[in-house]
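# A structural walkthrough
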Amino acid sequence: MTKPINVGFFLSSVQDMGGAVRVAVSLANRMANDFNVTIIEHVAHQSVAFPLDERIKIVTIHSDARRFREQFTQLRKPLTRALKENNIDVLFGICVEESAIALMPCKSAGCKLVFCDHGALVNQLDDKTTTFLRNATSKFCNKLVVLTNQTKGDYHRLLHVPNSRMEVVPNWVSNELLKEAPTCDVTVKRALWAGRLDHEKGVDHLLEIAKRVMPSHPDWVWDVWGASVLDGEDGFDLAKELEVAGLSNQVVLRGRYSRTQDVFPNYALATLTSYREGLPVFLLEAMAYGLPMLSFDVDTGPRDLIMTGVSGYLVKPFDYDQYAQLMGKLMDDVDMRQSFSAAAKHAAQSFGEDAVYPQWKNLVERLGGKGGIR
């Protein structure tokens with residue numbers, strides 16, 4: 001009888017509401033059908049941010065360190081012990097720091113490390129610490145998984161990582177969402193923005209675009225959904241700035257949502273204003289609902305999802321006037337929104353769970369099997 005493969009996920013905490021953890025939990029849930037799955041977190045959880053399959057075991061290892069160097073030292077022995085006690089064959093390091101921390105424990109425990117980079121190399125090249133960790137981890141992990149072909153090419157060109165060490169596996173749209181997501185109502189005069197309300201997601205861009213497009217479209221509302229509001233961080237307070245601009249009645253801060261099906265179908269347009277992305281889950285989910293999309297053409301992700309002029313528009317970063325002009329064009333043309341909606345809904349199938357998951361399953365079987373990749 002073939003020995004079952006034990007798969008581990010090393011991440012911050014199952015309480016973390018970040019996109020990387022969300023993607024990891026979705027993958028862990030699906031892998032529970034094929035492998036023994038354990039999630040190892042280094043920050044204890046009080047609750048679970050995303051639904052977790054009951055077959056998945058959660059192991060918490062503790063560190064009171066705040067700085068990465070201290071975490072790197074403090075977590076080495078506990079992680080090594082957790083890997084050995086749970087007989088982990090393949091460990092997925094979720095994000096850069098977790099993957100770097102896992103390098104030596106995986107070597108000590110004799111398990112394979114998959115470094116899952118949910119970001120984009122070129123977006124953080126100026127961050128010397130992050131680039132150093134990416135460089136070191138990509139050199140010594142067993143596999144590096146990135147979200148786009150562009151990022152794979154960047155790792156090869158800039159950090160000289162062999163193509164044979166890398167896999168490109170995009171984020172997916174769940175089977176449930178593909179099957180059950182209703183098509184949005186393109187006749188409503190409401191635009192959607194959703195994500196963390198922080199600098200990286202471009203809330204300052206959102207404000208500048210709103211100033212240019214909303215006054216000329218007084219019958220439209222731009223709803224902003226997010227986990228928190230920037231209360232003066234870096235001197236920027238979105239709620240206050242909207243009030244000063246006289247836009248509080250048109251650009252509305254809605255707070256958190258728990259289910260996309262309660263929110264996304266009620267809009268006619270999806271907007272992304274980020275400074276940088278990996279492969280944005282927000283746009284993948286928008287596609288499932290057939291939402292026409294607008295985004296700056298940042299590295300990386302949006303251009304992999306938006307067919308400009310077909311399912312939405314890619315805008316030159318960070319051209320507020322062009323963004324506002326194209327957003328206004330979509331606001332004014334319901335027939336265009338209908339056409340873009342159909343194209344987006346169709347394109348979502350290419351990123352469906354059943355289309356993407358076999359790549360993950362095959363990778364685990366190659367790494368975890370006898371004579372696997374070393």
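Everything that follows concerns the structure shown earlier in this document.
The following paragraphs examine the structure supplied in this document. Everything quoted here is computed from the prediction, not taken from an experiment.

## Looking at the sheet that holds strand β13 (residues 269-272)
- With respect to topology, six strands assemble into an open sheet ordered β12-β9-β8-β13-β14-β15, the strand pairing being parallel. Edge strands, defined here as strands with exactly one partner in the open sheet, are β12 (251-255) and β15 (312-315). With strand direction ignored, the average angle separating the axes of adjacent strands in the sheet is 20 degrees.
- For strand β8 (residues 190-194) and β13, the ladder comprises three bridges, and the chain directions are parallel. Residue pairing in the sheet places tryptophan 193 in a bridge with threonine 271 of β13.
- In the packing of helix α10 (residues 281-288) onto the sheet, contacts are made with β8, β13 and β14 (293-296), and the angle to β13 comes to roughly 170 degrees.

## Notes on the pairing of β8
- When you tally the buried positions in β8, you get four out of five residues, the bulk of the element.
- One ladder, built from five bridges, connects β8 with strand β9 (residues 221-225); its direction is parallel. Residue alanine 191 lies in a different strand from β9, and its bridge partner there is tryptophan 222.
- For the crossover from β8 across helix α8 (residues 203-213) to β9, the handedness is right-handed.

## A few points about helix α6 (residues 149-159)
- Thr151, Asp154, Tyr155 and Leu159 are the residues of α6 that are buried. Angularly, the buried residues of α6 cover 100 degrees about the axis, an arc narrow enough to put them on a single face. Structural note: α6 exposes Asn149 and Arg157 on the side pointing more than 90 degrees away from its buried face.
- Within two residues after α6, histidine 160 carries a phi angle of roughly 60 degrees, on the positive side.

## A word on the state of the cysteines
- Overall, the coordinates contain zero disulfides when judged by the stated rule.
- Lacking any disulfide linkage, cysteine 116 is separated from the closest cysteine sulfur, that of cysteine 95, by 8.6 Å.

## Here's the deal with the pattern of salt bridges
- Throughout the structure, instances matching the rule amount to 23 salt bridges.
- For aspartate 354, the salt bridge goes to arginine 30, with nearest N and O atoms at 3.1 Å. Here aspartate 354 is found in helix α14 (residues 353-368), whereas its partner arginine 30 is found in helix α1 (residues 19-31), with 324 residues between them in sequence.
- Owing to a relative accessible area of 49%, aspartate 354 belongs among the partly exposed residues under this scheme.
- For arginine 303, the salt bridge identified is with aspartate 297, shortest N-O distance 2.9 Å.

How each quantity is defined
Residues numbered from 1 in each chain as written. Predicted model: local features only at pLDDT ≥ 70, side-chain atom pairs only at ≥ 80, totals over all residues. Heavy atoms only, no water. Pairing = 2+ DSSP bridges. Helix = DSSP H or I, 4+ residues; strand = E, 2+ residues; numbered from the N terminus. Axes fitted to C-alpha atoms, helices over the stretch in contact; angles between N-to-C directions. Contact = heavy atoms within 4.5 Å. Buried < 20%, exposed > 50% of the residue type's maximum accessible area, 1.4 Å probe, protein only. Right-handed = clockwise from strand over helix to strand, strands pointing away. Arc of directions from axis to C-beta. Disulfide = S-S within 2.5 Å. Salt bridge = Lys/Arg side-chain N within 4 Å of Asp/Glu carboxyl O.

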